[in-house]
Amino acid sequence: MKILVLAGGFDKIALIKILQSQGHEVILADYYDNPPAKKYVDKHFQISTLDETKIYNLAIVEKVDLITTACTDQALLTVAKVSEKMGLPCYIGTETAQKVTNKAYMKKNLFELGIPTAQFIVLDELDNIGVILENMEFPLVVKPCDCNSSKGVVKVTNQLDLKKAIKNAFFYSRTKKAIVETFIKGEEISIDAWKDKEGVKILSISKTEKIKTTMGNFTIYRSVYPVDISDPMKIKIQTIAEKICGGFLIENSPVLIQAIIDDADINVIEFSIRMGGGSKYKLIEYISGVDIMNVYVNRILGDTTQVVLPNWSDKVVEIDYIYANNGIFSRLIGFEEALACGDISEMFQYKQAGSLIERRGTSSDRVVGFLIQADCGQALEEKRYRVLDQVDILDSEGNSMMYKACFYQE
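We now turn to the structure provided with this report. Worth saying up front: this structure is predicted, and the values here are computed from it rather than measured.

### Some details on the sheet that holds strand 2 (residues 25-29)
Part 1: Within the open sheet, the four strands sit side by side as 3-2-1-4. Their pairing is parallel. The open sheet has two free edges, formed respectively by strand 3 (43-45) and strand 4 (66-68), since each of these has just one partner strand. Going from strand to strand, the sheet's axes swing by 25° on average, the running direction of each strand aside.
Part 2: Relative to strand 4, strand 1 (residues 2-6) runs parallel, the two being bridged by three bridges. Directly across from Val5, in strand 4, lies its bridge partner Thr68.
Part 3: Seen against the sheet, helix 2 (residues 52-62) touches strand 1, strand 2, strand 3 and strand 4 and runs at an angle of roughly 160° to strand 1.

Below is the structure:
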């Protein structure tokens, strides 16, 4: 088959390699001229994955048999729409894709299903924020209704910042809509699952840790397993996952749920029917023993008979995401050595040499990540700091630009 993959970030490399190992021709559409996955495909076309007309025209000209993506959110809608228009197979229908990639649809449906989630109001550019000030209290979280990588997602504590955040959310939103919701305190967790013919299988529950010094932003710098949660909370998580799959008619699909837990309470932030970004497919494999990327490839190629059998690890596992100060990224120091000696189990280079680093506000700003594991928390911590002491990121002038402060925050 000839397969069109949308978006060429690092996580797509694993998808592409599996497809090619099975004899498929793979072409890539990505807005950037030199995305990480470009060197692994047969052809690359510099087209935005959000431009449905251009993606459709490309698919027609290239006579593709399948359109797909992985580990990314907004491109899912393009995949579903263009596949439906061309009569190509797709594990997600357009209506479902719309509901899971647009937070306004998603939140409305979560409420209707009785799934706990934050109070919210949806705004478009013509709306007055007075309705928010009358009905909601600070702090609040402002988000674009449809955007990748947490772009435009900001916590605000006053009216001036609220106005700025809403304007920014409109800028990032494809539909020019913003969602404002109450801020819920607690520990953020990421729930990864697969809905197979037997039911919903929870593959991992990891804690999401964010940089505290990025004012108002939600920049993830670590995913950690296991999470200390009670048996009743595990039952609640399973129930919520089943309600989501039932309510949104999800079958034979990955499911990613982001939630806040606090004591016995859980509130769903949002969810998607995809694997998480930031190499979460590999974290899932280490936690559950399930090679989720292979399972996903089988699914997009038409296999609806798969049954996943998670076997949760008794090790402590985490992925650490490394950001950098502003400059031109030149090279990594020490990562390959840490990988060779076994301190690092997996390494993920998200940025290529020559990339301009201008901020560290969203997940798309990560330069590199690494997965580590150990038998206990103390051993993992010792390993983490040993790695951090020996690795570095250099700019074009040979100076260190690696940002480490988040790993030493209280």
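### Some details on the sheet that holds strand 7 (residues 154-156)
Across a sheet, paired strands are connected by hydrogen bonds in the backbone, their directions being either parallel or antiparallel.
Part 1: Strand order in this open sheet of four strands is 5-8-6-7, and the pairing throughout is antiparallel. Each edge of the open sheet carries a strand with a single partner, namely strand 5 (120-124) and strand 7. Pairwise comparison of adjacent strand axes, ignoring direction, gives a mean angle of 25° for this sheet.

### Structural notes on the side chain of Asn102
Part 1: With respect to the element layout, Asn102 can be found in the loop between helix 4 (94-101) and helix 5 (103-112).
Part 2: When its relative accessible area of 4% is taken as the criterion, Asn102 is described as buried.
Part 3: Among the polar contacts made by the side chain of Asn102, one reaches the main-chain amide nitrogen of Ala104 at a distance of 2.9 Å.
Part 4: Leaving out residues up to four positions away in the same chain, Asn102 has contacts with Cys145, Asp146 and Thr175.

### Points about the nonpolar core
Part 1: Formed by 100 residues in total, the largest nonpolar core has its most connected members in Leu15, Ile237, Ile244, Phe271, Met293, Tyr296 and Ile393.
Part 2: When residues in this core are grouped by element, the largest group, seven residues, is from strand 14 (residues 316-324).
Part 3: In contact with Ile237, not counting residues within four places along its chain, are Ile189, Ile191, Ile202, Ile205, Ile229 and Ile266.
Part 4: The next biggest cluster of nonpolar side chains, apart from the first, holds 16 residues, and it includes Val142, Ala165, Ala169 and Ala178.

### With respect to helix 10 (residues 292-300)
Part 1: The buried fraction of helix 10 amounts to seven of the nine residues, a majority that puts the element mostly inside the structure.
Part 2: Buried residues along helix 10 sit in contact with helix 1 (11-21), strand 4, strand 9 (187-196), strand 10 (199-210), strand 12 (253-262) and helix 9 (280-288).
Part 3: Downstream of helix 10 by one or two residues, Gly302 has phi in the positive range, about 115°.

Rules behind the numbers
Residues numbered from 1 in each chain as written. Predicted model: local features only at pLDDT ≥ 70, side-chain atom pairs only at ≥ 80, totals over all residues. Heavy atoms only, no water. Pairing = 2+ DSSP bridges. Helix = DSSP H or I, 4+ residues; strand = E, 2+ residues; numbered from the N terminus. Axes fitted to C-alpha atoms, helices over the stretch in contact; angles between N-to-C directions. Contact = heavy atoms within 4.5 Å. Buried < 20%, exposed > 50% of the residue type's maximum accessible area, 1.4 Å probe, protein only. Polar contact = N/O pair within 3.5 Å; in protein donor to acceptor, adjacent residues only side chain to side chain. Core = buried A, V, L, I, M, F, W, Y, C linked by side-chain atoms within 4.5 Å.

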